[in-house]
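Summary of the model geometry
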Amino acid sequence: MILVGSDHGGLELKEAIKRLLSERGIAFEDCGTDNGNSVDYPDFGIKVARRVSAGEAEKGILFCGTGIGMSIVANKFPKVRAALAADPFMARMAKEHNNANILVLGGRVLDEATAREMVCTWLDAVFEGGRHQGRLDKITALETELMK
Ligand code: RB5
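The text that follows walks through the structure, step by step, so that each part is easy to find. Given the structure is predicted, the values throughout are model-derived calculations rather than measurements. (Residues numbered from 1 in each chain as written. Predicted model: local features only at pLDDT ≥ 70, side-chain atom pairs only at ≥ 80, totals over all residues. Heavy atoms only, no water.)

Digging into the site of the ligand
Around the ligand, a shell composed of Asp7, His8, Tyr41, Cys64, Gly65, Thr66, Ile68, Gly69 and Arg108 is seen. Between the ligand and Gly65, the relevant distance is 2.7 Å, taken from an oxygen atom to a main-chain nitrogen or oxygen of the residue. Take Thr66: an N or O atom from its main chain is 2.9 Å from an oxygen atom of the ligand. Protein coverage of the free-state accessible area of the ligand, which is 300 Å², stands at 71%. Its residues assigned to classes, the shell around the ligand comprises three nonpolar, four polar and two charged. (Near = heavy atom within 4 Å. Polar contact = N/O pair within 3.5 Å; in protein donor to acceptor, adjacent residues only side chain to side chain. Areas by Shrake-Rupley, 256 points an atom, 1.4 Å probe, with all protein chains shown as cover. Nonpolar A, V, L, I, M, F, W, Y, C, P; charged D, E, K, R; others polar.)

Quick notes on empty space enclosed by the protein
To find leftover empty space, one rolls a probe the size of a water molecule over the atoms. If you walk through the whole model with that rule in mind, you get one cavity of 30 Å³ or more. Computed from the structure, the largest cavity encloses a volume of approximately 40 Å³. Around the largest cavity, the lining residues are Lys79, Arg81, Leu136, Ile139, Thr140 and Glu143. Each residue belonging to the lining of the largest cavity can be placed in one class, and the counts come to two nonpolar, one polar and three charged. (1 Å grid on protein atoms, 1.4 Å probe; cavity = no way out; pocket = protein on both sides within 12 Å on 5 of 7 lines; lining within 4 Å. Points joined across faces, edges and corners; volume = space filled by probe spheres on them.)

What follows is the structure, encoded as structure tokens:
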């Protein structure tokens with residue numbers, strides 16, 4: 001199950017990606033926002049990232065105008081690896097090398113076709129493990145240390 005969330009700047013792209021997920025038969029839950037009124041991106045990023053961090057959902061996709069704000073807030077949460085990607089190559093690397101559990105997309109940066117390709121690429125990619133797992137282990141160790 002994938003959690004999706006956006007502010008007003010990412011709403012249109014979120015709706016497009018919800019259509020893609022439906023087409024692919026992938027279950028998702030929309031954590032808002034649900035209209036074009038101006039809202040604060042942390043409120044919606046927190047809803048998604050908190051639940052991914054807690055293991056209640058395996059993955060999330062966040063959207064704001066640039067994707068920058070959502071990636072900043074999501075990465076505050078332990079066990080969240082939120083990747084702001086700008087093209088399909090970055091979306092693939094986000095999974096293969098970083099095992100990103102949240103993909104972040106900019107609604108004012110990406111066209112719908114590119115974003116659709118990016119989401120498909122991220123969902124279909126496989127984490128390579130090996131040396132990349134060792135790097136993620138260092139991040140996990142840092143999280144543990146900082147939470148003491
Ligand atoms: C909202 O205007 C905009 O700041 C937000 O969507 C996002 O781009 C923040 O990083």
